[in-house]
Amino acid sequence: MANQISTIGVLTSGGDAPGMNAAIRAVVRSALIKEKKVKGIMRGYQGMLEEEIVDMDAHSVSDIIQRGGTILGTARCTDFTTPEGQKRGADICKKHGIDGLVVIGGDGSFRGAQKLAHLGINTIGVPGTIDLDIACTEYTIGFDTAVNTAMDAIDKVRDTSTSHERCSIIEVMGRHAGYIALWCGIANGAEDILLPERYDHDEQRLINHIIDSRRKGKKHHIIINAEGIGHSTSMAKRIEAATGMETRATILGHMQRGGSPTCKDRVYASIMGAYAVDLLCEGKSNRVVAYKDGEYVDFEIDEALAMKKDISDYQYNVSKLLSR
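The rules behind these values
Residues numbered from 1 in each chain as written. Predicted model: local features only at pLDDT ≥ 70, side-chain atom pairs only at ≥ 80, totals over all residues. Heavy atoms only, no water. Helix = DSSP H or I, 4+ residues; strand = E, 2+ residues; numbered from the N terminus. Contact = heavy atoms within 4.5 Å. Pairing = 2+ DSSP bridges. Axes fitted to C-alpha atoms, helices over the stretch in contact; angles between N-to-C directions. Left-handed = near helix turned anticlockwise from the far one by under 90°. Nonpolar A, V, L, I, M, F, W, Y, C, P; charged D, E, K, R; others polar. 1 Å grid on protein atoms, 1.4 Å probe; cavity = no way out; pocket = protein on both sides within 12 Å on 5 of 7 lines; lining within 4 Å. Points joined across faces, edges and corners; volume = space filled by probe spheres on them. Phe/Tyr/Trp six-rings, centres within 6.5 Å; stacked < 30°, edge-to-face > 60°. Buried < 20%, exposed > 50% of the residue type's maximum accessible area, 1.4 Å probe, protein only. Lys NZ or Arg CZ within 6 Å of the ring centre and 35° of its normal. Salt bridge = Lys/Arg side-chain N within 4 Å of Asp/Glu carboxyl O. Right-handed = clockwise from strand over helix to strand, strands pointing away.

Describing the environment of H221
Phase 1: Structurally, the position occupied by H221 is in strand β8 (residues 221–226).
Phase 2: Separated by 53 residues in sequence, H221 and S168 place their C-alpha atoms 6.3 Å apart.
Phase 3: Excluding anything up to four places from it in sequence, H221 contacts S161, R166, C167, S168, E191, D192, H209, I210, S213 and M245.

See the structure below:
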């Protein structure tokens, strides 16, 4: 089966994540060692449909492992969500001799990979998203860097919040998942953490907590708000009106996507990229690389997409316990 793969393509799709370059580098160099040709597809599925495809060699990925973002670029592509776009993408891969493809991205990217696999392109997904919202894996490329970036920023906001005796609502990314918010809430010692998976929209409870904390002598209050809840600015206005405590909203935004990846994101991404090439050279297709129970493993894309993920009740309860 290994001889059936002669040219491996690699693309990054969806939101960028620190560590994607490490994965690209690992794919390219692992494939070259196995005497496969490598082609980089620029700007994800959009670049595929526009045939922005370049030859890659070992030099193409020199001096990139420490860089944030993705050297291949990324874009959203609505055309690729249609059967016509998917068929055209598969035809373009075949035209360029790409018989194996590594797709680095999130669940939306994996749906595209799944369609290409069904159309005859051996395809492997690698989880690249800061949101940590892919159910089959305990690690996704970029989460560690993003959560450390957010943690550092929140520490700084806490300093000024303490000086001015303010309530600060700090909104972190994560789309519909609350993992960045949960981790930062614990790591930054936040008084309240609002997660899409758990928030009951009882704003009065927040207000009561702030008032009660002030009665006990607490001079400031930190609320970590997940992107999936949002509305931090309007929430801040309502809380200030109800408590009389100066309240400010800080939305960290896309700074969480950037920056040099942490050691963990570089190492895990590198191993996942190499693992994806191994799977292709073994004749495997329609699979997602994952990290589970301390091991690098793989799942059928269909199985991976069907899995559901939720916040750990124990971790959430610990976060509430430690915020008292």
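Still to come is the rest of the account.
Some thoughts on the sheet that holds strand β9 (residues 247–251)
Within a sheet, neighbouring strands are paired by backbone hydrogen bonds and run either parallel or antiparallel to one another.
Phase 1: One open sheet accounts for four strands, arranged β7-β8-β6-β9; its pairing is parallel. Looking at strand neighbours, the two that pair on one side only are β7 (192–194) and β9, the edges of this open sheet. Pairs of neighbouring strands in the sheet enclose a mean axial angle of 15 degrees, with direction left out of account.
Phase 2: Pairing geometry for strand β6 (residues 167–172) and β9, over five bridges, is parallel. When the bridges of β9 are listed, E171 appears paired with I251.
Phase 3: Along the sheet face, helix α8 (residues 232–243) touches β6, β7, β8 and β9 and points at about 170 degrees away from the line of β9.

Focus on the packing of helix α6 (residues 179–187) against helix α11 (residues 313–322)
Phase 1: Put simply, α6 and α11 touch, their axes get as near as 9 Å, and they point 40 degrees apart. Along this stretch, α6 crosses α11, giving a crossing that reads as left-handed. Residues L182, W183 and I186 of α6 form the contact with α11, whose own contacting residues are Q315, Y316 and S319.
Phase 2: When its residues are assigned to classes, the contact of α6 with α11 shows four nonpolar, two polar and no charged.

Regarding the layout of surface pockets
Left-over empty space is what a probe sized like a water molecule reveals as it rolls over the atoms.
Phase 1: The computed volume of the largest pocket comes to approximately 510 Å³.
Phase 2: Contributing to the lining of the largest pocket are 26 residues, with S13, G14, R76, G108 and S109 lying nearest its centre.
Phase 3: Among the elements that make up the lining of the largest pocket, the one with the highest residue count is helix α4 (residues 107–118) (six residues).
Phase 4: For the lining of the largest pocket, a count of residues per class yields five nonpolar, 12 polar and nine charged.

Let's talk about the packing of aromatic side chains
What describes a pair of aromatic rings is the distance from one ring centre to the other and the angle between the planes of the rings.
Phase 1: Counted according to the given criterion, the structure contains six aromatic pairs.
Phase 2: Summarising the aromatic geometry, the rings of F143 and W183 are spaced 5.0 Å apart at their centres and angled 90 degrees between planes, so their arrangement reads as edge-to-face. With F143 in helix α5 (residues 143–164) and W183 in helix α6, the pair connects residues that are 40 residues apart, well separated along the chain.
Phase 3: The partly exposed category is assigned to W183, whose relative accessible area is 39%.
Phase 4: Over the face of the ring belonging to Y316 we find R198, whose NZ or CZ atom lies 5.8 Å from the ring centre.

Considerations on the pattern of salt bridges
Phase 1: Counted by the stated rule, this structure contains 22 salt bridges.
Phase 2: Note that K87 is salt-bridged to D91, the shortest N-O span being 2.9 Å. Of this pair, K87 and D91 both sit in helix α3 (residues 83–95), four residues apart, which is roughly one turn of the helix.
Phase 3: On the accessibility criterion, K87 (43% relative accessible area) is partly exposed.
Phase 4: For D91, a relative accessible area of 35% corresponds to the partly exposed category.
Phase 5: Between R175 and D133 there is a salt bridge whose closest N-O contact spans 2.8 Å.

A closer look at the pairing of strand β5 (residues 122–127)
Phase 1: Burial runs high along β5: six of the six residues are buried.
Phase 2: One ladder, built from six bridges, connects strand β4 (residues 100–105) with β5; its direction is parallel. Within β5, the residue paired with G100 across the bridge is N122.
Phase 3: Considered for its hand, the β-α-β crossover made up of β4, α4 and β5 is right-handed.

Let's talk about unusual backbone geometry
Phase 1: Even without being a glycine, L132 presents a positive backbone phi close to 55 degrees.
Phase 2: Judged by its relative accessible area of 6%, L132 falls in the buried class.
Phase 3: Phi is positive for H231, close to 55 degrees, though the residue is something other than glycine.
Phase 4: Following the sequence through the fold, H231 ends up in the loop between β8 and α8.
Phase 5: By relative accessible area, H231 is classed as exposed at 61%.

Note that every value here comes from positions in space, so none of it alone points to a role or purpose.
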